[in-house]
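Survey of secondary and tertiary structure
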Amino acid sequence: MKLAINGGTPVRKDLFPAYQTIGAEEKAAVNRVLSSGTLSKFLGCWDPDFYGGTEVQALEREWAEYFGVRHAIAVNSCTSGLYCAVGSLGIEPGDEIIVSPYTMSASTTAALIYGAIPVFADVEPEHFCLSVESVRRCLSERTRAIIAVDLFGQPYDADGINALANEHNISVIEDAAQAPGAHYRGHPTGTLGDVGVFSLNYHKHIHTGEGGVVTTDDGEIAEKVRLIRNHAEAVIGDKGSTDLVNMVGFNYRMTELEAAIGRCQLQKLEDLLVGRIANCVRISQALADVPAIVPSLPREDSRHVYYVQAMRFLSAKAGVGRDVFLDAVRAELAPSRNRESEGPLVFGGYVAPLYLLPMYQKRIAFGSRGYPFNLARKEVSYARGSCPITEQLHFQELFYHDLIHPNLSDGDLDDVVDAFQKVWRYRAEIR
Ligand SMILES: *Cc1c(COP(=O)(O)O)cnc(C)c1O
């Protein structure tokens, strides 16, 4: 049999269905808001409307209840939420925040916004989240916080990371953008650290177009997040607050439209996750006899919610490199509806290790003179090789695919499996 990359017939020619979660409920909710004429109700001064309108406040109550957390604060993105979280902890210029290099860039930029120095710790080879041992080696007298990411839907090692944080009296911010509805030892992600942040952008499990939610049990953190969200500097005088640290505000407000959609989406979350998890289990079981492919399993006593399905490819066992293998798999598959330009949704690596971005390599962020990197200890390095496991995963082993969502049929999933199996069986053709 000839592989499609060599001119053979591909396993799949028709587009895969799109991930579509928006239905009659969201349309009715949006119409309800449109009919009211009030598309947002925030006022950026000390007034009852400082906390937003009825939909925003309802989403916040429902989100807090769903995740079993005291406070949920709706914002216009997870990026904004991360900025609020760092600001709320009183982080100062020159403070250090330990971060993962293997995540979306905003998880580490949040440190820079407040002049803090991101210090990159390496990740776990099998779960891809921050490695406790590596975080321990990155601690210094300047460390003030750790930003732990639940990467690809896998909860971070909360027992290990939180114990380190307690021991050193520093805070944990949990970036749960990719893991709504995951659990770690009975605790929902987003509530594992001192403050959690979710994303509601279009690519996430549930979405409002753009949006985010910050969660915390700490009333003081929650109130600071609300202030930073909505022009803190113009509010705190009349509010009677005296703490001025980081009380420079932004406009990170969510509209009533997004909040109304978010309330509907939250109700659908569990069903969407159940379908997605079942699809991932089906695919990893069907690929279990391919020795070169190692799926990422849930952490012990935890629930992984598979933002994407990440796996490792061991080229030594295949006799062919990851990227050559994946090119052949992609040739067997078709794109997905609404994402045609990306081609088949199978990708080698994730984002390049963040310290390799020009901003870190050149140490230029705000202004041309190197702020805030000019405040860093000289030991803080962004050199290539800083996080060897991340580099090995990214450049050699890790791949992920996005053909797991619950709008896919069993037949669609079988095509995905068949593509991998076919390339595995006939890999001599691409050696
Ligand atoms: C998507 C994502 C973000 C940013 O979310 P936005 O809502 O787009 O700002 C942050 N961190 C991680 C890990 C993400 O996947």
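What counts and what doesn't
Residues numbered from 1 in each chain as written. Predicted model: local features only at pLDDT ≥ 70, side-chain atom pairs only at ≥ 80, totals over all residues. Heavy atoms only, no water. Pairing = 2+ DSSP bridges. Helix = DSSP H or I, 4+ residues; strand = E, 2+ residues; numbered from the N terminus. Buried < 20%, exposed > 50% of the residue type's maximum accessible area, 1.4 Å probe, protein only. Polar contact = N/O pair within 3.5 Å; in protein donor to acceptor, adjacent residues only side chain to side chain. Salt bridge = Lys/Arg side-chain N within 4 Å of Asp/Glu carboxyl O. Near = heavy atom within 4 Å. Nonpolar A, V, L, I, M, F, W, Y, C, P; charged D, E, K, R; others polar. Patch = residues over 30% accessible without salt bridge, like charges linked within 9 Å, V, L, I, M, F, W, Y side chains within 5 Å. Areas by Shrake-Rupley, 256 points an atom, 1.4 Å probe, with all protein chains shown as cover. Lys, Arg positive; Asp, Glu negative; His and termini not counted. Charge placed at Lys NZ, Arg CZ, Asp CG, Glu CD. Core = buried A, V, L, I, M, F, W, Y, C linked by side-chain atoms within 4.5 Å. Contact = heavy atoms within 4.5 Å. Axes fitted to C-alpha atoms, helices over the stretch in contact; angles between N-to-C directions.

1. Description of the sheet that holds strand β11 (residues 302–303)
Strands sit in the order β7-β6-β11 across an open sheet of three strands; the sheet is antiparallel. Sheet topology places β7 (187–188) and β11 at the edges, where each strand pairs with a single neighbour. As paired elements, strand β6 (residues 183–184) and β7 share two bridges and run antiparallel to each other. Pairing of Tyr-184 across the sheet is with His-187, part of β7.

2. Notes on helix α3 (residues 78–88)
The buried fraction of α3 amounts to 10 of the 11 residues, a majority that puts the element mostly inside the structure. What α3 keeps buried is the set Cys-78, Ser-80, Gly-81, Leu-82, Tyr-83, Cys-84, Ala-85, Val-86, Gly-87 and Ser-88. N-cap assignment for α3: the residue whose side-chain oxygen lies 3.3 Å from the backbone N of Thr-79 is Ser-77. Residue Gly-90 follows α3 closely and has a positive phi angle near 70 degrees.

3. What to know about the pattern of salt bridges
Per the stated rule, a full pass over the model turns up 28 salt bridges. Between Lys-268 and Glu-25 there is a salt bridge, with the nearest N and O atoms lying 3.3 Å from each other. Here Lys-268 is found in helix α9 (residues 256–286), whereas its partner Glu-25 is found in helix α1 (residues 24–36), with 243 residues between them in sequence. With a shortest N-O distance of 3.6 Å, Lys-378 and Glu-379 are connected by a salt bridge. Across the pair, exposure class does not vary: Lys-378 and Glu-379 are exposed alike.

4. Topic: the site of the ligand
Surveying the vicinity of the ligand reveals 14 residues, the closest of which are Thr-79, Asp-175, Ser-199, Asn-201 and Lys-204. At a separation of 3.2 Å, an oxygen atom of the ligand approaches a polar side-chain atom of Lys-204. Residue classes in the shell around the ligand are distributed as four nonpolar, eight polar and two charged.

5. Some words on a negative patch on the surface
A surface patch of negative charge is lined by Asp-194, Asp-217, Asp-218 and Glu-220. Overall, Glu-220 belongs to the exposed group, its relative accessible area being 65%.

6. Examining the nonpolar core
With 136 residues, the main nonpolar core has Trp-63, Ile-97, Phe-325 and Phe-420 as its most contacted residues. Phe-420 has contacts with Leu-287, Ile-293, Phe-325, Leu-326, Val-329, Val-346 and Phe-399, leaving out every residue within four places of it along the chain.

7. Quick notes on the sheet that holds strand β3 (residues 117–120)
Here we have seven strands laid out as an open sheet, ordered β1-β9-β8-β5-β4-β2-β3, and mixed in their pairing. The outermost strands of the open sheet, each flanked by one partner alone, are β1 (71–75) and β3. For this sheet the average axis-to-axis angle between neighbouring strands, irrespective of direction, equals 25 degrees. In this structure, strand β8 (residues 195–199) lies alongside strand β9 (residues 212–216), joined through four bridges in antiparallel fashion. Among the inter-strand pairings, Val-197 is bridged to a residue of β9, identified as Val-214.

8. Side note on the side chain of Arg-12
With respect to the secondary-structure elements, Arg-12 resides in the segment before α1. Side-chain polar atoms of Arg-12 contact the side chain of Asp-412, separated by 2.7 Å.

9. What to know about the pairing of β1
The buried fraction of β1 is high, at five of five residues. By the alternation rule, side chains of β1 split into His-71, Ile-73 and Val-75 and Ala-72 and Ala-74, which are all buried. Inspection of the sheet shows β1 paired to β9 by five bridges, in the antiparallel sense. Looking across to β9, one finds that His-71 is bridged to Thr-216.

10. Observations regarding the environment of Leu-356
Structurally, the position occupied by Leu-356 is in the loop between β13 (346–348) and α12 (358–361). Residues Leu-356 and Phe-250 lie 106 residues apart in sequence; the distance between their C-alpha atoms is 29 Å.

11. Regarding the environment of Val-416
In this fold, Val-416 is placed in helix α14 (residues 410–425). Those residues in contact with Val-416 that sit more than four places away from it in its chain are Phe-16, Ile-283, Leu-333, His-401 and Leu-403.

In short, the description is geometric, and any link to function would need to be established separately.
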